[in-house]
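Reading the structure
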Amino acid sequence: MTKKNVLFVVTSHDLKGDSGEKTGLWLAELTHPLHELEAAGHRALIASIQAGKAPVDGDSLNMTDPINAQYWEQGDLQQRLKNAPALADLNGADYDAIFFTGGYGTMWDFRESTAAQRLTREIYERGGIVAAVCHGPAALVDVKLANGEYLVQGKRLAAFTNQEEEATGGIKIVPFLLADALVAHGALHQPAANWAENVVVDGRLITGQNPASAAAVGRALLRALAG
């Protein structure tokens, strides 16, 4: 098997808007797909929107989850997050795939990141794979390809739904509704029931709806890298 290079992107934002609530990345949405890729021998770099320690949502620090515990308590993940390079310093030509992890923090810094847009376009237009889970597709909303079209235009995808946003109380806090923003730019959003595993693959775009979909997005990415 040829080892591939996968860029995992995490948020640098640690507050839910003006609520004062702390947030960040959702741990399992990083550890589960990361485990799938690294267990198969692929190389993964974790980068953040801004250089420096990437915040983790305290509600996601579930150590009864063995994959979380493997990475957080026994592995070097905390050090990798602390030393995560900034996206702006990276080159899309160095990666075969990009994976946008979730967590509420992403809703405040993924969409506006011109570095995230650039890297996504560079990787996708070189024939690479773009993957995201839960709120991670926020990074894809405004990505335009060289032809001026939105990346998501006409593409089937999954993302955190309006119904899930309402169920968590996020609908009153987030700066925009993710599913609606994607649809506004031509995406064909394919929702499932709240908290159900839901992964949608459309060519080299792989997306998952929620935390329950994280490992399955990793496995779909693994298959795509092998193909």
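Everything in this summary refers to the structure shown in the same document. (Residues numbered from 1 in each chain as written. Predicted model: local features only at pLDDT ≥ 70, side-chain atom pairs only at ≥ 80, totals over all residues. Heavy atoms only, no water.)

A look at the packing of aromatic side chains
For clarity, the cut-off: In summary, the pairing rule links any two rings of Phe, Tyr or Trp, Trp by its six-membered ring, whose centres are within 6.5 Å, and it sorts them by plane angle into stacked for under 30 degrees, edge-to-face for over 60 and tilted for everything else. Note on conventions: DSSP H or I runs of at least 4 residues are helices, E runs of at least 2 residues are strands, and numbering of each starts at the N terminus. For every residue, the accessible area (1.4 Å probe, protein chains only) is compared with the maximum for its type, and the residue is labelled buried under 20%, exposed over 50%, or partly exposed between those bounds. Geometrically, a charge over a ring is one whose NZ (Lys) or CZ (Arg) sits within 6 Å of the ring centre while staying within 35 degrees of the ring normal.
According to the stated counting rule, one finds four aromatic pairs in the structure shown. For the pair phenylalanine 8 and phenylalanine 99, a centre-to-centre distance of 5.1 Å together with 25 degrees between the ring planes defines the contact as stacked. Of this pair, phenylalanine 8 sits in strand 1 (residues 5–10) while phenylalanine 99 sits in strand 3 (residues 97–100), and the two are 91 residues apart along the sequence. Residue class for phenylalanine 99 comes out buried when judged on its relative accessible area of 0%. An aromatic cluster is built from Tyr104, Phe160 and Trp195, whose rings are joined through pairwise contacts. Here the basic side chain of arginine 111 rests over the ring of phenylalanine 176, its NZ or CZ set 4.8 Å away from the ring centre. A cation over an aromatic ring shows up here: arginine 204 above the ring of tyrosine 124, its NZ or CZ 4.1 Å from the ring centre.

Thoughts on the packing of helix 1 (residues 28–39) against helix 8 (residues 214–226)
Convention followed: Axes here refer to lines fitted to C-alpha atoms; in helices the fit is confined to the stretch in contact. Angles between the N-to-C directions go from 0 to 180 degrees. Here a crossing is called left-handed whenever its near helix is offset anticlockwise from the far helix by less than a right angle, and right-handed whenever the offset is clockwise. A contact between two residues is defined here by any heavy atoms of the two lying within 4.5 Å. Ten residue types, Ala, Val, Leu, Ile, Met, Phe, Trp, Tyr, Cys and Pro, are classed as nonpolar, four, Asp, Glu, Lys and Arg, as charged, and the remainder, Gly among them, as polar.
Packing of helix 1 against helix 8 brings their axes to within 8 Å, and their N-to-C directions diverge by 30 degrees. At the point where helix 1 passes helix 8, the crossing takes the right-handed sense. Seen from helix 1, the contacting residues are Ala28, Glu29, His32, Pro33, Glu36 and Leu37; seen from helix 8, they are Ala214, Ala215, Gly218, Arg219, Leu221, Leu222 and Leu225. Its residues assigned to classes, the contact of helix 1 with helix 8 comprises eight nonpolar, two polar and three charged.

Observations concerning the layout of surface pockets
It is the rolling of a water-molecule-sized probe over the atoms that shows where space remains empty. As a reminder, the rule being used: With a 1 Å grid laid over protein atoms only, a set of points is called a cavity when a 1.4 Å probe fits there but cannot get out and a pocket when it is open yet has protein on both sides within 12 Å along at least five of seven lines; lining residues have an atom within 4 Å of a point. Grid points are joined across faces, edges and corners, and a volume is the space filled by probe spheres set on the points.
The volume enclosed by the largest pocket comes to roughly 180 Å³. Residue lining of the largest pocket: 13 residues in total, with Trp26, Tyr104, Phe160, Thr168 and Pro211 positioned closest to the centre. Its residues assigned to classes, the lining of the largest pocket shows six nonpolar, three polar and four charged.

Notes on helix 1
Condition: Expected helix span is computed as 1.5 Å times (number of residues minus one).
For helix 1, built from 12 residues, the straight-helix expectation of 16 Å at 1.5 Å per residue is met to within 8% by its first-to-last C-alpha distance of 16 Å. Taken across its 12 residues, helix 1 has nine buried, putting it largely inside the fold. Among the residues of helix 1, Ala28, Glu29, Leu30, Thr31, His32, Pro33, Leu34, Glu36 and Leu37 are the ones counted as buried. One or two steps after helix 1, the chain reaches glycine 41, where phi turns positive at roughly 95 degrees.

Some points on the environment of glutamate 164
Our working definition: The definition of a polar contact used here is a pair of N or O atoms within 3.5 Å, where within protein one atom must be able to donate a hydrogen and the other to accept one, and adjacent residues in sequence count solely through side-chain atom pairs.
Looking at where glutamate 164 falls in the secondary structure, it is placed in helix 6 (residues 162–168). In this structure, the C-alpha to C-alpha distance between glutamate 164 and arginine 80, residues 84 residues apart in sequence, is 30 Å. Aside from chain neighbours lying at most four places away, what touches glutamate 164 is Ala159, Ala193, Asn194, Trp195, Gln209 and Asn210. Within the local environment of glutamate 164, its side chain forms a polar contact with the backbone nitrogen of tryptophan 195, the two atoms lying 2.8 Å apart. Here the side chain of glutamate 164 touches glutamine 209 through a polar contact of 3.1 Å, side chain to side chain.

Quick notes on the side chain of threonine 207
Within the secondary structure, threonine 207 sits in strand 8 (residues 205–208). By relative accessible area, which is 0% here, threonine 207 ends up buried. Separated by 2.8 Å, the side chain of threonine 207 and the backbone nitrogen of alanine 158 make a polar contact. Those residues within four positions of threonine 207 in sequence are excluded, and the remaining contacts are Ala132, Pro137, Leu140, Leu157, Ala158, Asn198, Val199, Val200 and Val217.

A word on the sheet that holds strand 7 (residues 199–202)
Going by this rule: Whether two strands pair comes down to DSSP finding at least two bridges between them.
Spatial ordering of the open sheet is given by 2-1-3-4-8-7, a layout of six strands whose pairing is mixed. Sheet topology places strand 2 (43–48) and strand 7 at the edges, where each strand pairs with a single neighbour. Each neighbouring strand pair of the sheet contributes to a mean axis angle of 15 degrees, computed without reference to strand direction. The pairing of strand 1 with strand 3 spans four bridges and is parallel. Of the residues in strand 3, the one forming a bridge with leucine 7 is isoleucine 98. Set on the sheet, helix 1 makes contact with strand 1, strand 2, strand 3 and strand 4 (129–133); between it and strand 1 the angle comes to about 175 degrees. Sheet contacts for helix 8: strand 1, strand 3, strand 4, strand 7 and strand 8; angle to strand 4, the most-contacted strand, approximately 175 degrees.

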